[in-house]
Amino acid sequence: MARAGLYSEVVLTPVHLVSLGCARNEVDSEELAARLEDGGFTLVDDPAQASAVMVNTCGFVEAAKKDSVDTLLAAADLKSDEPGSAGVQAVVAVGCLAERYGQELAEALPEADAVLGFDSYPDIAHRLQAILAGDRPTSHVPRDRRKLLPVTPIARQAASAHVAIPGHRTPSSRPTEELPAGVAPASGPRTHRRRFAGGPTAPLKIASGCDRRCTFCAIPAFRGSYISRPPVEVVAEAHWLAEQGVRDLFLVSENTSSYGKDLADLKALEKLLLELNRVDGIDWVRVSYLQPAEMRPSLITAMAGGEKVVPYFDLSFQHASGSVLRRMRRFGDADSFLTLIESIRAQAPTAGIRSNVICGFPGETTDDVEVLRQFLEAARLDAVGVFGYSDEDGTEAARLGNQISHDEIEARRSAVADLAEELMSQRAEDRIGERVRVLVEQHGSDQTVGIGRSAHQGPEVDGSTELLGAAHPIGELVDAVVVGAVGADLLADPIRDGVS
C-alpha cells in the first residue's frame, strides 16, 4: 500500500505503539503516532504483525519503571532472528524512562535496538526508518531539561521554539490536504496528533514541565521547566477533538494551576476555561493536577460554576502534617487544606474532590500518620490514592536522614489505604438520592446497562457510575438519580420524562 500524490512511493511500514503511564504520556503517544503515520508508517494493534514496536515508557516510580522494562522485554521476544524476514525487526524505547536514563537504560537493556529521548520526537519517523534499515543510533544522553529554557518564566515562550517539548508547537511539515484522515492539524496551529481510539473523553495537554522543587520528585529534571501552551493552540486542539467525537476534555499538565505564569497572565487558566466553554460539541471540561497553594478564589469560582466546566478538583495534597510537608518542600497543613475544601463545597456542594497521599516519607512519625488519618476522615474526599514512599534517583529526599524501613512504610500505607477505601465508600453512599449527569463510556457485558462517569468522577482514576435499565449509546449524557453504591462506584436510575 502506498500514499497518493507526493508520497506515492512511500510504502507503509507496520508499527505497534505502546503507551504507558499517565494521561500526559497518552497525549505524547498520540503525537508520536501521528508523526509515524505522517512519515510512512501504519499503526497496527497486534505487535506480532509489526515491523517495529515502540514503547512510550513511564519513569515516575519503581513499579512504573518495571512495567516499562517488562514491556520492552516482551516486545523483544517477538523479534525475528533473521533480518528481512517477517516479524518484529526493531524495538525502540522512548518516553520518560528513556529520557531520564538514556545510555544507562540502553546498557542495561541490550534487547532494545534504540533508546531515544524527547529531542528525537520531531523526526521520529525518519529515525525509526533508519533503525529498521540497520542503523543503531547513539543512545540518548540525559540532561537536566530545566536548563534548556530561561529561568525567568516570561522569557520561555520565545526560547521554546528551539526546544523539543512533546505536545508543543509541533505541527506537521506536510500540506494539510495530504495528511491522513483523523490526524491533526486539519487547519490552524494544533499539535500533530492521532487519537489512538474513539470514545467521548480525551486528555488535552495545556502545559509541560514543573518549576516546583518537591524533594521526592524527579519529574522536573527530565520534563523541564514549566511552559504553557498558548491559548490559541489549546482551543484549536479542543475544536479538533470535538470534531473527533470527544465530549469530555480532561486538561492535563504536570501542574495545571500554574498555567499562564509564563504568559504574563496569572488568570490565564480562568480565561482559557471561558474559551473552552464556547467550543461546540464539548459538554464537559475538567481540570487535573492542581496545587492547593495555587488555588486562588477566582479559579475556584471558575471551576465551581461554569456551564461546561465541571466542579472537579484534583488537588495534590501529598500529606496533611505540616512538618512532613515542609520536608517535602511543599506548603500547607491539615487546617489550611480543610479550609480550601470548605471554600470549594461552599460554592459547589456536590463537587468531586480527589487527591494522592504519600506514607512513610523520611522523618514521618506515628503522630504525623495520625494527622493524615484525621484529615482524611474530615475531608470526605471522593477518591484518594495512597502510595508508599520510595527513593527516586537524584532527589533530595533520597539523601534525607530518618529513613523508614520498607516494612514499616508498607504497614503505614496499607493502614491508610484501608481507611481511604472505607471513607470513599461512605462518600459514595452520601450521594444516594443525588441527581447526577452521566457520560456513557461503555456497555456492560450483557449490553443491557450503560457504564460511565458522573461529573465528579475523573477518567480512569476515580469510580464509575452504572446506569440501570436499557443501555444508552456511548457518548450520551444521561440525567439520573443515584440509588446505590458499591465501594466508590455508583448505581443510578435514569430520569425518564422527568421521573426516575
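About the criteria used
Residue positions within a chain follow its written sequence, with the count starting from 1. Only residues with pLDDT of 70 or above have their local features reported here, since the model is predicted, and side-chain atom pairs are shown and tallied only from 80 upward, although totals for entire chains, interfaces and linings are computed over all residues. Excluded from the side-chain calculations are hydrogens and water; all other atoms, namely the structure's heavy atoms, are used. Any two strands with at least two DSSP bridges between them are considered paired. Secondary structure elements follow DSSP: runs of H or I no shorter than four residues count as helices, runs of E no shorter than two count as strands, and numbering proceeds from the N terminus. To define axes, lines are fitted to C-alpha atoms, for helices over the stretch in contact only, and angles between the resulting N-to-C directions are given on a 0 to 180 degree scale. To count toward a patch, a residue needs a relative accessible area above 30% and no salt bridge. Like charges then connect within 9 Å, nonpolar side chains (Val, Leu, Ile, Met, Phe, Trp, Tyr) within 5 Å. Only the protein chains shown count as cover for residues, with accessible areas throughout obtained via the Shrake-Rupley method and a probe of 1.4 Å. The term salt bridge refers to a pairing of a side-chain nitrogen on Lys or Arg with a carboxyl oxygen on Asp or Glu at a separation within 4 Å. In this charge count, Lys and Arg are treated as positive and Asp and Glu as negative; neither His nor the chain ends contribute. Lysine's charge is taken at NZ, arginine's at CZ, aspartate's at CG and glutamate's at CD. Here the expected span of a helix is defined as 1.5 Å times the quantity of residues minus one. For every residue, the accessible area (1.4 Å probe, protein chains only) is compared with the maximum for its type, and the residue is labelled buried under 20%, exposed over 50%, or partly exposed between those bounds. Along the chain, pLDDT gives the predictor's confidence residue by residue, from 0 to 100. The criterion used for residue contact is that any of the two residues' heavy atoms lie within 4.5 Å. Each pair of aromatic rings taken from Phe, Tyr and Trp, with Trp reduced to its six-membered ring, is defined by centres within 6.5 Å and is described as stacked if the planes are under 30 degrees apart, edge-to-face if over 60, and tilted in the remaining cases. Our arc is simply the arc of the directions from the helix axis toward the C-beta atoms. Any angle that falls under 35 degrees is termed roughly parallel, while one over 145 is termed roughly antiparallel, one within 65 to 115 roughly perpendicular, and all others oblique. Helix crossings are classified by the rotation of the near helix relative to the far one: an anticlockwise turn of less than a right angle makes the crossing left-handed, while a clockwise turn makes it right-handed. Note that Gly is not counted as nonpolar here; it falls among the polar residues with everything else outside the nonpolar set of Ala, Val, Leu, Ile, Met, Phe, Trp, Tyr, Cys and Pro and the charged set of Asp, Glu, Lys and Arg. The term disulfide is used for any two cysteine sulfur atoms that are within 2.5 Å. In this analysis a 1.4 Å probe is tested at points of a 1 Å grid over the protein atoms alone, and where it fits but cannot get out there is a cavity; an open set with protein on both sides within 12 Å along at least five of seven lines is a pocket; lining residues have an atom within 4 Å of a point. Grid points are joined across faces, edges and corners, and a volume is the space filled by probe spheres set on the points. Under the rule applied, a polar contact is a pair of N or O atoms within 3.5 Å (in protein, one hydrogen donor and one hydrogen acceptor; residues adjacent in sequence only if both atoms are side-chain atoms).

Trainee: Please clarify how the sheet that holds strand β15 (residues 383-388) should be interpreted in this entry.
Mentor: Each strand in a sheet pairs with its neighbour through backbone hydrogen bonds, running either in the same direction (parallel) or in the opposite one (antiparallel). Taking strand neighbours across the sheet as the criterion, the 6 strands line up as β8-β11-β12-β13-β14-β15 in an open arrangement whose pairing is parallel. The sheet is open, and its two edges are formed by β8 (201-205) and β15, each paired on a single side. Each adjacent strand pair in this sheet contributes to an overall mean axis angle of 20°, direction not counted. Here strand β14 (residues 352-359) runs beside β15; their pairing, made up of 6 bridges, is parallel.

Trainee: Sorry, what's going on with a negative patch on the surface here?
Mentor: On the surface, a cluster of negative charge is made up of E104, E107, D391 and D393. Within the secondary structure, E107 is located in helix α4 (residues 103-108).

Trainee: Any chance you could explain unusual backbone geometry here in plain terms?
Mentor: Among all residues except glycine, the phi angle is most often negative; among peptide bonds, the trans geometry is most common. A positive phi angle is found at A264, which is not glycine, with a value near 60°. Phi is positive for Y289, close to 55°, though the residue is something other than glycine. In this fold, Y289 is placed in strand β12 (residues 284-290).

Trainee: When you look at the sheet that holds strand β19 (residues 477-486) in this model, what are you seeing that I'm missing?
Mentor: With respect to topology, 5 strands assemble into a closed barrel ordered β16-β17-β18-β20-β19, the strand pairing being mixed. For this sheet, the mean angle separating the axes of adjacent strands, direction not counted, is 50°. By the bridge criterion, 5 bridges tie strand β16 (residues 435-443) to β19 in an arrangement that is antiparallel. Each bridged residue has a counterpart across the sheet, and for L439 the counterpart in β19 is L477.

Trainee: What exactly am I supposed to notice about helix α8 (residues 231-243) here?
Mentor: Residue pairs spaced three or four apart in an α-helix point in one direction, given the helix's 3.6 residues per turn. For α8, with 13 residues, the first-to-last C-alpha span of 19 Å sits near the 18 Å given by 1.5 Å per residue. G245, located one to two residues past α8, shows a positive phi value of around 95°.

Trainee: Would you explain the pattern of salt bridges in this entry?
Mentor: Opposite charge on two side chains makes pairing possible when the charged atoms of those side chains draw close. Taken as a whole and judged by the stated rule, the model has 44 salt bridges. Across the salt bridge formed by R327 and D368, the nearest N and O atoms sit 3.8 Å from each other. On the criterion of sequence distance, the pair formed by R327 in helix α11 (residues 322-327) and D368 in helix α13 (residues 366-379) is long-range, its members being 41 residues apart. Owing to a relative accessible area of 30%, R327 belongs among the partly exposed residues under this scheme.

Trainee: Would you mind going over the confidence of the model for the protein with me for this structure?
Mentor: As a general rule, the predicted coordinates of low-pLDDT regions are not to be interpreted in detail. Of all residues in the protein, 90% have pLDDT values of 70 or greater, and the mean over the chain is 89. Under a pLDDT of 50 for its full length, residues 1-8 has, in the predicted model, 18 contacts with residues more than four places off or in other chains. Taken together, the stretch residues 171-177 has pLDDT below 50 and engages in 17 contacts with residues farther than four places along the chain or on a different chain.

Trainee: Sorry, what's going on with the packing of aromatic side chains here?
Mentor: Both the distance between ring centres and the angle between the ring planes are used here to describe each pair of aromatic rings. One pass over the structure, following the stated rule, counts 6 aromatic pairs. Residues F216 and F361 carry aromatic rings whose centres are separated by 6.5 Å and whose planes lie at 85° to one another, so their mutual orientation is edge-to-face. Linking F216 in the loop between β9 (207-208) and α7 (219-223) with F361 in the loop between β14 and α13, this pair joins segments that are 145 residues apart in sequence. Assessed through its relative accessible area of 13%, F216 is described here as buried. With centroids separated by 4.5 Å and ring planes inclined at 35°, the aromatic side chains of F317 and F337 adopt a geometry described as tilted. Linking F317 in the loop between β13 (309-315) and α11 with F337 in helix α12 (residues 334-347), this pair joins segments that are 20 residues apart in sequence.

Trainee: I'm lost on helix α5 (residues 124-132) in this one. Help?
Mentor: Listed in full, the buried residues belonging to α5 are I124, A125, L128 and I131. Angular distribution of buried residues about the axis of α5 spans 120°; they occupy a single face of the element. If you follow the buried residues of α5, they end up packed against β1 (13-19), α1 (23-38), β2 (41-43), β3 (52-57), β4 (90-95) and β5 (114-115).

Trainee: Where do I start with the packing of helix α10 (residues 297-304) against α12 in this structure?
Mentor: Each pair of packed helices can be summarised by the angle the axes make with each other and by the distance between the axes. It is at 9 Å that the axes of α10 and α12 come closest, and there the two elements cross at 40°. When the interaxial angle is binned, α10 and α12 end up oblique. For α10 against α12, the interelement crossing comes out right-handed. Between α10 and α12, the contacting residues are I300, T301 and A304 on the first element and L340, S343, I344 and Q347 on the second. Its residues assigned to classes, the contact of α10 with α12 shows 4 nonpolar, 3 polar and no charged.

Trainee: Would you take a moment to explain the state of the cysteines for this structure?
Mentor: A disulfide bridge is the covalent bond that connects two cysteines by way of their sulfur atoms. A full pass over the atoms with the stated rule returns 0 disulfides. The thiol of C58 is not disulfide-bonded; the next cysteine sulfur, from C96, is found 6.2 Å away. Here C210 is not cross-linked by a disulfide; its sulfur's nearest cysteine counterpart is in C214, at 6.4 Å. Looking at C210, the relative accessible area reads 10%, which means it is buried.

Trainee: Just checking my understanding: could you explain the packing of α1 against α5 for this structure?
Mentor: At their nearest, the axes of α1 and α5 sit 8 Å apart, and the two run at 65° to each other. Viewed along their axes, α1 and α5 adopt a mutual orientation that is roughly perpendicular. In this structure, α1 crosses over α5, and the sense of that crossing is right-handed. Where α1 approaches α5, its residues L32, R35 and L36 are matched on the opposing element by I124, A125 and L128. Split into classes, the residues belonging to the contact of α1 with α5 amount to 5 nonpolar, no polar and 1 charged.

Trainee: I keep staring at empty space enclosed by the protein and nothing clicks. Help me out?
Mentor: The method is simple in principle: a probe with the dimensions of a water molecule rolls over the atoms, and the space it marks as empty is what remains. A complete count under the given rule lists 3 cavities of 30 Å³ or more for this structure. Around the largest cavity, the lining is made up of 13 residues, and of these R145, A164, I165, R223 and G224 lie nearest the centre. For the lining of the largest cavity, the per-class residue count stands at 8 nonpolar, 3 polar and 2 charged. Residue lining of the second largest cavity: D382, A383, M424, R427, A428, R431, H456, Q457, D462, G463, A488 and L490, and that is the complete set.

Trainee: Got a minute to help me understand the side chain of H168 in this structure?
Mentor: Positionally, H168 belongs in the loop between α6 (156-159) and β6 (183-184). The buried category is assigned to H168, whose relative accessible area is 9%. Looking at H168, its side chain comes within polar contact range of the side chain of S208, at 2.9 Å.

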